[in-house]
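What the coordinates show
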Amino acid sequence: MITNPFENAFGLDISDLSMKVVQLQGKKRYLRTPSYKLKAARSITLPYGLIVNGELEQPEMVRKYLMYLLEGNPKKNQKPINGPWVVASLPENRNFIKQIAIDKEPDDIVEEDILYLVKKHFPFEDNEYHLDWQLLPTPSRNKSVVLMGAAPKHVADMYTYLLESVGLGIVGLDIESLATARSMITAEKEYVGEARAILDIGATKTIFIVYDNNSVKFSQMIPFSGELINTALTQKLKIDFKKAEELKIQYGCEFDSSKKEVWDVISGLIGTLVSEIEKALRFYYSHFENANKINHITMCGGVTNMKKLPELLSEKLGIESEPGHVWKNLRVHNTKSLPSEKALSFATAIGLALRAADNPYTQKDSL
Ligand SMILES: Nc1ncnc2c1ncn2[C@@H]1O[C@H](COP(=O)(O)OP(=O)(O)OP(=O)(O)O)[C@@H](O)[C@H]1O
Ligand SMILES: [Mg+2]
C-alpha cells in the first residue's frame, strides 16, 4: 500500500466571514469506506471587509487570522495544526465547472487534450486560469468524461500567495461545490435513475449543486444567505445587527403571531429562495442530457439550522429537503467536539479534508 505522501494534510475552507480547518488522520479501510480519526475541526470568524465576494481585500489581516486559526487557542485546548500540506477552497463565485466527453480511453488522455478542451469550453485566455480536472467513471469504451474546474488565475494566485506566505504547501485548490459534494453525497451508494441536489446555505451565499449519474453536473449561486436575512431584518424592523441575528435564530421560519413582523420579512426572503431553486431545477432539466429527477435535497451550511426551514422548503418545493450528515463518508467516531448543528457549517471543510487525507496517487473516486 502506498501511503499518503502529504502527511497530516488538512482542509481549509476560506469564506468572506469565516475560515474553517479540518484535519483527519487516515486509519483503516473497512470495505469501501475509509475510517478516519478527527484530529482537528475549528473555525475563526473574520471581521467584515477582509474578504469581499472571495476577493482578498486586506490580505495582511487575513494572513494574521489564518495564523491564529492554525496556531490554535491553548485556552480552548486547541493544538497547533502540524504539517505543512493543505487543500484549500477557491470561492465559488469565481469558478466554472464543466463536464466534457472525449473520444479516447482514459489512459490515452494527455495534457494537450485537456488544454485543448479548456480553450474550447472556458472563457479564459491562455495562462489566465487555474485548472483542476478529474476523470469520471464512464461505462462506454473509447470514451472518457472529464470534470473540469477552472478559476481565474489572479484569484488562484491570490490564495496561493496567502497560503504560501504562512509556510503552507498546497496539495490542491478545490472549487467549493466539489468539496461540499465530496462530504454530502454518500460515497459508496449508486444512485440509479435518481438525482440529488445539495443546498449549502451559508453566511454570505447559497450554492445549489446537482449531483446526477455519479458526478456533480452543475452548481449555481443563489442570492440568499444568513447575512441577507440579518440585513433585511435591520432595515425593515429598524433594529441593529446583533438583535437581527438573535431574532433569526430564535424564530427562524416558525410563525409566531406575537412576532408577525419577523415572519413577514423572513417568509418573503424564503419565497425568493424557493423561486430561485425552482428556476435552477428547470434549467437543469432543460439543459442537461439524461437528467434524472431530483428527489431529495441535502442541506448544509449554518443557515440549515434555521427553525423549520427544511420543513418549509420540502413543502414549498414538493421535494424532500433535509439537513445532511456531514460525517457519513468518514466513519469518524470522535465528533463530539463538533455538535451536529455546528457541523453543518463544516461540510465544505470536511470535503476538503477528505481530499487532503486521501492518497492522491491511489484515489479513483469521481469527486
Ligand atoms: N440556528 C440558526 N438559525 C439561523 N441561522 C443560523 C443558525 N445557526 C447558524 N446560522 C447562520 O449560519 C451562517 C453561518 O453559516 P456557515 O458557517 O455555513 O457560513 P460560511 O461558510 O462562513 O459562509 P459562506 O459559505 O456563505 O461564505 C450565519 O449567517 C449564521 O447566522
Ligand atoms: Mg460556506
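This is a predicted model, so every value here is computed, not measured. Starting afresh in each chain, residues are numbered from 1 along the sequence in its written order. Each chain gets a letter, beginning with A, and each ligand a number, beginning with 1, in the order they are written. Residues qualify for local features only when their pLDDT is at least 70, as the model is predicted, and side-chain atom pairs are given and counted only at 80 or more; totals for whole chains, interfaces and linings, by contrast, use all residues.

1. Digging into the nonpolar core
- One finds Val-22 and Ala-353 to be the most contacted residues of the largest nonpolar core, which totals 87 residues.
- Residue ranges assigned to the domains are those given by an automatic or database domain assignment. Split by domain, the residues of this core number at least three in each of domain 1 (1-97 + 114-131 + 150-187 + 329-367) and domain 2 (189-325).
- Once residues lying within four places of it in the same chain are set aside, the contact partners of Val-22 are Phe-10, Gly-11, Ala-40, Ala-41, Phe-346, Ala-349, Ile-350, Leu-352 and Ala-353. As used here, a nonpolar core is made of buried Ala, Val, Leu, Ile, Met, Phe, Trp, Tyr and Cys residues. They are joined through C-beta atoms within 7 Å. Counts of 20 or more other C-beta atoms within 10 Å of a residue's own C-beta define buried residues, counts of 12 or fewer define exposed ones, and intermediate counts define partly exposed ones; C-beta atoms are placed from the backbone. Here the contact rule is simple: place C-beta atoms from the backbone, and any two residues whose C-beta atoms are within 7 Å are in contact.

2. Quick notes on the sheet that holds strand β15 (residues 321-323)
- Note on pairing: two strands pair once DSSP finds at least 2 bridges between them. Only DSSP runs of H or I reaching four residues or more are called helices, and only runs of E reaching two or more are called strands; each is numbered from the N terminus. Reading across from one edge, β13-β12-β11-β14-β15 is the order of the five strands in this open sheet, with mixed pairing throughout. The open sheet has two edge strands with one neighbour each: β13 (215-222) and β15. Neighbour-to-neighbour, the strand axes of this sheet turn through a mean angle of 25 degrees, independent of strand direction.
- As judged from the five bridges shared by strand β11 (residues 195-201) and strand β14 (residues 294-300), these two strands associate in the parallel manner. Looking at β14, one finds that Leu-199 is bridged to Met-299.
- The axes used here are C-alpha line fits, helices contributing only the stretch in contact, and every angle between their N-to-C directions lies in the interval 0 to 180 degrees. Seen against the sheet, helix α7 (residues 260-287) touches β12 (206-212), β13 and β14 and runs at an angle of roughly 145 degrees to β13.

3. Regarding unusual backbone geometry
- For Asn-53, which is not a glycine, the phi torsion comes out positive at approximately 50 degrees.
- Its location among the elements puts Asn-53 in the loop between β4 (51-52) and β5 (55-56).
- Its 11 C-beta neighbours within 10 Å are what place Asn-53 among the exposed residues.
- A positive phi is found at Asn-77, a non-glycine position, where the angle reads about 65 degrees.
- Looking at the element boundaries, Asn-77 is found in the loop between α1 (59-71) and β6 (85-90).
- The exposure class of Asn-77 is exposed, given the 8 C-beta atoms found within 10 Å.

4. Some remarks on the confidence of the model for the chain
- Known as pLDDT, the predictor's per-residue confidence is scaled from 0 to 100. Confidence in the prediction of the chain, expressed as mean pLDDT, is 89, and 94% of residues score 70 or more.
- Confidence over residues 361-367 falls short of pLDDT 50; this stretch has 13 contacts with residues more than four positions distant or in other chains.

5. Quick look at the site of ligand 1
- In the vicinity of ligand 1 lie 21 residues, with Ser-15, Gly-202, Gly-226, Gly-302 and Ser-345 positioned nearest.
- The set of elements that each furnish at least two residues to the shell around ligand 1 consists of α5 (226-237) and α6 (241-251).
- At three residues, the largest contribution of residues to the shell around ligand 1 is made by α6.
- Its residues assigned to classes, the shell around ligand 1 shows five nonpolar, eleven polar and five charged. The C-beta atom of each residue is placed using the backbone, and any residue whose C-beta lies within 6 Å of a molecule or strand is treated as near it. Polar here means any residue other than Ala, Val, Leu, Ile, Met, Phe, Trp, Tyr, Cys and Pro, which are nonpolar, and Asp, Glu, Lys and Arg, which are charged; Gly is therefore polar.

6. Quick word on the sheet that holds strand β9 (residues 144-152)
- Strand order across the open sheet formed by three strands is β7-β9-β8, with antiparallel pairing between neighbours. Two strands in the sheet have a free side with no partner beyond their single neighbour: β7 (96-102) and β8 (129-136). This sheet shows a mean twist of 25 degrees between the axes of neighbouring strands, independent of strand direction.
- Where β8 and β9 come together, eight bridges link them in antiparallel fashion. By the bridge assignment for β9, Leu-131 is matched with Ala-150.
- Helix α2 (residues 111-121) contacts β7, β8 and β9 of the sheet and is inclined by roughly 60 degrees relative to β9.
- Seen against the sheet, helix α3 (residues 153-165) touches β8 and β9 and runs at an angle of roughly 75 degrees to β9.

7. Observations concerning the pairing of β9
- Relative to β9, β7 is paired through seven bridges, and the arrangement is antiparallel. If you follow Ile-102 over to β9, its bridge partner there is Ser-144.

8. A few points about helix α4 (residues 176-184)
- With nine of nine residues buried, α4 is to be regarded as a mostly interior element.
- Among all positions in α4, only Glu-176, Ser-177, Leu-178, Ala-179, Thr-180, Ala-181, Arg-182, Ser-183 and Met-184 are buried.

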